[in-house]
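Remarks on the overall topology
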Amino acid sequence: MRKKLISTLLCVSMMTFMLVGCGSTDDKTDSSSSSNQSTTQQDSSSDNTDSKKLIKVGVVNNDPNESGYRTANDKDLKAKFTEANGYEASFVYGKTNDEQIKAAQQLVQNGVNYLLLSAADTSGWDSVLKEAEAAGTKVILYDRTIDADESLYAASIVSDMDKEGQTAVDWLKKQNLKEYKILHIQGQMGTAAQKGRSAALDAAVKSEGWELVVQQTANWKTEQAQQIVQSAIDSKKSFNVIYAENDDMAKGAVAALDKANISHGVGKDVIIMGFDCNKFALREVLAKNWNYDGQCNPFQSGYIEDVIKKLEAGETIEEKKIVMDEKGFDAETITQEDIDQFGIGE
């Protein structure tokens, strides 16, 4: 009987031990599961925090294939506004205001913190800027100015296109030609670059009595410029200056001259003038095949980021218009060092 009682007690004791043991195992499993969930939530929260730290930037630009200048400009912006540098960037392109306006409106609706705008045309932007203001999106103009009240944008980081044109025209005046018969090849009509570079020449033609043999747009394109000059040659028009509003059009103009065996450059039949300072153009100036090239600085991302950092720190941008330093290069004075320092592209 006693043995039977002891045996019974031992069984009860073992069962109790086993139950306690199973309960402990279950508690550990639940604790581990809870810990894993907590870790997962923390990682997710951390990811969200990192995501929130990224500054959302919407970049509206012109066609990157428009010219060597535009290619360099687009590359510069993409190198700066990266996730590694703290940005979530969207890049859109448009050849016309209508295309760009739709893209800009979509970026504002998507909630970008900053809208960076290089406008195809100077007019028609008020509605977009007001939509951005209402949404809390700060607008920074770059490369080109627009016709809008300064209160509607945070800063304007631009080349002084009027000054670029005036610098080139002042250089041309100093050549003291016996007569000025000019083929004027314009860029895309309505752009700030076209307006500024054309205005200076138009004023000089009027004040100096120069002759505009041809004044026609080639829309920044090499082939179109070549066709314009070829047409002038075929029409037996007399000219001694080609004022092309970018390097690509100057290149096309020169191709037409070469085809017709018309000499160009220093001491030759036709003076060649371009803008933008592509390396290929500056090499032609150095070789005295071209006479002049006006600088237009495409490297604006550093200026833009400085503005963004100030705004993020709550600072006021006192000088809204930030104009980059630019110069003109003459075949008689340009050096290889100038090409290395100021040339764009290859």
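What counts and what doesn't
Residues numbered from 1 in each chain as written. Predicted model: local features only at pLDDT ≥ 70, side-chain atom pairs only at ≥ 80, totals over all residues. Heavy atoms only, no water. pLDDT = per-residue confidence, 0-100. Contact = heavy atoms within 4.5 Å. Buried < 20%, exposed > 50% of the residue type's maximum accessible area, 1.4 Å probe, protein only. Helix = DSSP H or I, 4+ residues; strand = E, 2+ residues; numbered from the N terminus. Right-handed = clockwise from strand over helix to strand, strands pointing away. Pairing = 2+ DSSP bridges. Axes fitted to C-alpha atoms, helices over the stretch in contact; angles between N-to-C directions. Parallel < 35°, antiparallel > 145°, perpendicular 65-115°, else oblique. Left-handed = near helix turned anticlockwise from the far one by under 90°. Nonpolar A, V, L, I, M, F, W, Y, C, P; charged D, E, K, R; others polar. Salt bridge = Lys/Arg side-chain N within 4 Å of Asp/Glu carboxyl O. Arc of directions from axis to C-beta.

**Observations concerning the confidence of the model for the protein**
Overall, the predicted model of the protein reaches an average pLDDT of 87, with 85% of residues at or above 70. Note that pLDDT drops below 50 for residues 1–49; the model gives that stretch zero contacts with residues more than four away or on any other chain.

**Notes on the pairing of strand 10 (residues 292–295)**
Burial along strand 10 is two-sided: Tyr292 and Gly294 facing one way and Asp293 and Gln295 facing the other are all buried. For the segment spanning strand 9 (residues 271–276), helix 9 (residues 279–286) and strand 10, crossover handedness is right-handed. Note: strand 10 against strand 12 (residues 328–330), three bridges, orientation antiparallel. Bridging across to strand 12, Gly294 finds its partner in Gly328.

**What to know about the packing of helix 7 (residues 222–234) against helix 8 (residues 247–259)**
Between helix 7 and helix 8, the least distance of the axes is 7 Å, while the angle of their chain directions is 40°. By the angle between their axes, helix 7 is oblique relative to helix 8. Regarding helix 7 and helix 8, the two cross each other, and that crossing is right-handed. Contacts between helix 7 and helix 8 involve Thr222, Ala225, Gln226, Val229, Gln230 and Ile233 from the former and Asp248, Met249, Lys251, Gly252, Ala253, Ala255, Ala256, Leu257 and Lys259 from the latter. Split into classes, the residues belonging to the contact of helix 7 with helix 8 amount to eight nonpolar, four polar and three charged.

**Points about the sheet that holds strand 9**
Spatially, 7-6-8-9-10-12 is the arrangement adopted by the six strands of the open sheet, whose pairing is mixed. The open sheet is flanked by strand 7 (211–217) and strand 12, the only strands paired with a single partner. If you compare each strand with its neighbour and ignore which way they point, the axes differ by 15° on average. Looking at chain direction, strand 8 (residues 241–244) and strand 9 are connected through three bridges and run parallel.

**A word on the pattern of salt bridges**
Opposite charge on two side chains permits them to pair, given that their charged atoms come into close proximity. Tallied over the entire structure, the rule returns 11 salt bridges. A salt bridge links Glu164 to Arg197; the nearest nitrogen and oxygen atoms lie 2.7 Å apart. Of this pair, Glu164 sits in helix 5 (residues 161–173) while Arg197 sits in helix 6 (residues 192–208); the two residues are 33 residues apart in sequence, bridging distant segments of the chain. The same class applies to Glu164 as to Arg197, namely buried. The shortest N-O distance in the salt bridge between Lys173 and Glu208 comes to 3.8 Å. You can see Lys173 sitting in helix 5 and its partner Glu208 sitting in helix 6, a full 35 residues away along the chain. Relative accessible area serves as the criterion here: at 31%, Lys173 is assigned to the partly exposed category. For Glu208, a relative accessible area of 42% puts it in the partly exposed group.

**Quick notes on the side chain of Gln295**
With respect to the secondary-structure elements, Gln295 resides in strand 10. Residue Gln295 is classed as buried on the basis of its relative accessible area, which comes to 7%. Setting aside chain neighbours within four positions, we find Gln295 in contact with Glu164, Cys277, Asp325, Glu326, Lys327, Phe329 and Phe342.

**What to know about helix 9**
By the burial criterion, the buried members of helix 9 are Lys279, Ala281, Leu282 and Val285. Down the axis of helix 9, the smallest arc covering the buried residues is 155°, so these residues share one side. Structurally, helix 9 contributes buried residues whose contacts are with helix 8, strand 10, strand 12 and helix 11 (336–342). Of the residues one or two after helix 9, Lys288 is the one with positive phi, at around 65°.

**Overview of unusual backbone geometry**
Positive phi, normally seen in glycine, also occurs at Asp143, with a value near 70°. If you trace the backbone, Asp143 turns up in strand 4 (residues 138–143). In this structure Asp143 comes out as buried when scored by relative accessible area, which is 1%. Positive phi is not limited to glycine here, since Asn261 has a value of about 60°. Positionally, Asn261 belongs in the loop between helix 8 and strand 9.

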